[in-house]
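# Analysis of the macromolecular model
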Amino acid sequence: MITVHGVPLSPFVRKVQLALRYKGLDFTSIPVMPGDDSDAFSKISPLHKIPVLEHDGFTTPDSSVILRYLDQSFPDKPIYPSDPQSQAKACWLEEYGDTKLVESAAPIFFQRIVRPRFFNEPTDEALVTQKIEVELPPVLAYLNDALPTDGYAVGDHLSIADIGIVSPLMSARHGDYMPDAKTYPKLAAYFERALASDIVQKQLSVELEFMGVN
Ligand SMILES: N[C@@H](CCC(=O)N[C@@H](CS)C(=O)NCC(=O)O)C(=O)O
């Protein structure tokens, strides 16, 4: 039995849920909030971060560690490219998604949705403007250059690169921000293809329901 600890709106929890959906694995979800420092959660997540994966009594934190564990435990529909250079490229794009892209995209969602809707606090508009006008453009430009004109980020099927890039873009989309198709044509088309896929559609419906939008 597989359980994902963490709210689905976290870009890191979303990575895990997308991978599970891609592999067709059933899972249950416990909506732990980020920073939970209860004794029970601290035992399975010493940094108090989400996600944590629980599989038949075994637990591990960290989305990247979880994705590798899942791919080794459930090798059907692999999410790691097999040849070393493609794998290195996919791991790098996942890392870039986890760092630069999350840092510049996820705060748009946090400021525009989480603060007003969940904490009854105002959006910091200056911070949103800084993210959209200053921090995001070079990150999106880099990804636009790195992506192919069609298909997946690396190779001919979905990989950790796609999961790592698409997840933070979904956070930005919740915050009403989409990459501009004129400025970032390859990235915008890539994200539209991802949004049309069954696994992203399913994930989106779960997240909208969690936000009370559906
Ligand atoms: N490297 C971790 C990062 C996880 C992470 O930063 N999660 C955030 C939520 S999006 C969190 O739990 N933050 C709480 C905290 O830092 O106390 C991963 O890939 O899982």
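For the structure, see preceding data.
These notes cover the structure that comes with them. (Residues numbered from 1 in each chain as written. Predicted model: local features only at pLDDT ≥ 70, side-chain atom pairs only at ≥ 80, totals over all residues. Heavy atoms only, no water.)

### Remarks on the side chain of Thr60
Selection rule: Helix numbering and strand numbering both begin at the N terminus, where a helix is a DSSP run of H or I of at least 4 residues and a strand a DSSP run of E of at least 2. Relative accessibility thresholds used throughout: buried, under 20% of the residue-type maximum; exposed, over 50%; partly exposed, between the two (1.4 Å probe, protein chains only). Residue contacts follow a heavy-atom distance rule, with two residues in contact if any of their heavy atoms lie within 4.5 Å.
Among the secondary structure elements, Thr60 is positioned in strand 4 (residues 58-61). For Thr60, a relative accessible area of 10% puts it in the buried group. If we skip the residues at most four places from it in the chain, Thr60 touches Val52, Leu53, Val65 and Ile66.

### Some details on the packing of helix 4 (residues 84-118) against helix 5 (residues 125-146)
Operational definition: Here, axes are lines fitted to C-alpha atoms. For helices the fit covers the stretch in contact, and angles between N-to-C directions go from 0 to 180 degrees. Roughly parallel means an angle under 35 degrees; roughly antiparallel, over 145; roughly perpendicular, 65 to 115; everything else is oblique. Whether a crossing is left-handed or right-handed is set by the direction in which the near helix is turned from the far one by less than a right angle, anticlockwise for left-handed and clockwise for right-handed. Gly is placed with the polar residues, together with every amino acid not listed as nonpolar (Ala, Val, Leu, Ile, Met, Phe, Trp, Tyr, Cys and Pro) or charged (Asp, Glu, Lys and Arg).
Put simply, helix 4 and helix 5 touch, their axes get as near as 10 Å, and they point 155° apart. When the axis of helix 4 is compared with that of helix 5, the two are roughly antiparallel. Of the two elements, helix 4 crosses helix 5, and the hand of that crossing is left-handed. Tallied by class, residues from the contact of helix 4 with helix 5 come to 17 nonpolar, two polar and six charged.

### A few points about the nonpolar core
Rules: For this analysis, a nonpolar core means a set of buried residues of the types Ala, Val, Leu, Ile, Met, Phe, Trp, Tyr and Cys, connected via side-chain atoms within 4.5 Å.
Counting residues in each nonpolar core, the largest one holds 55 residues, and the members touching the most others are Ile79, Leu101 and Ile165. If we ignore the near neighbours within four places in the chain, the residues touching Leu101 are Tyr96, Ala106, Leu136, Val139, Leu140, Leu143, Ile165, Pro168 and Leu169. Core analysis: the second largest hydrophobic core is formed by five residues, Leu9, Phe109, Ile113 and Met211 among them.

### Re the packing of aromatic side chains
Here a ring pair, both rings aromatic, is described through the centre-centre distance and the interplanar angle of the planes. Using the following cut-off: Within 6.5 Å between ring centres, the rings of Phe, Tyr and Trp (the latter by its six-membered ring) count as paired, and their orientation is classed by plane angle as stacked under 30 degrees, edge-to-face over 60, tilted in between.
In total, this model carries four aromatic pairs according to the counting rule given. Relative to Tyr69, the ring of Phe58 has its centre 4.9 Å away and its plane inclined at 25°; by these criteria the two rings are stacked. Of the two residues, Phe58 sits in strand 4 while Tyr69 sits in helix 3 (residues 63-73), which places them eleven residues apart along the sequence. With 5.7 Å between their ring centres and 50° between their planes, Trp92 and Tyr96 make a pair best called tilted. On the criterion of helical spacing, the pair formed by Trp92 and Tyr96 is a turn pair, its members being four residues apart in helix 4. Since its relative accessible area comes to 42%, Trp92 is described here as partly exposed. Looking at Tyr96, the relative accessible area reads 9%, which means it is buried. By way of ring pairs, the aromatic residues Trp92, Tyr96 and Tyr142 are connected into one cluster.

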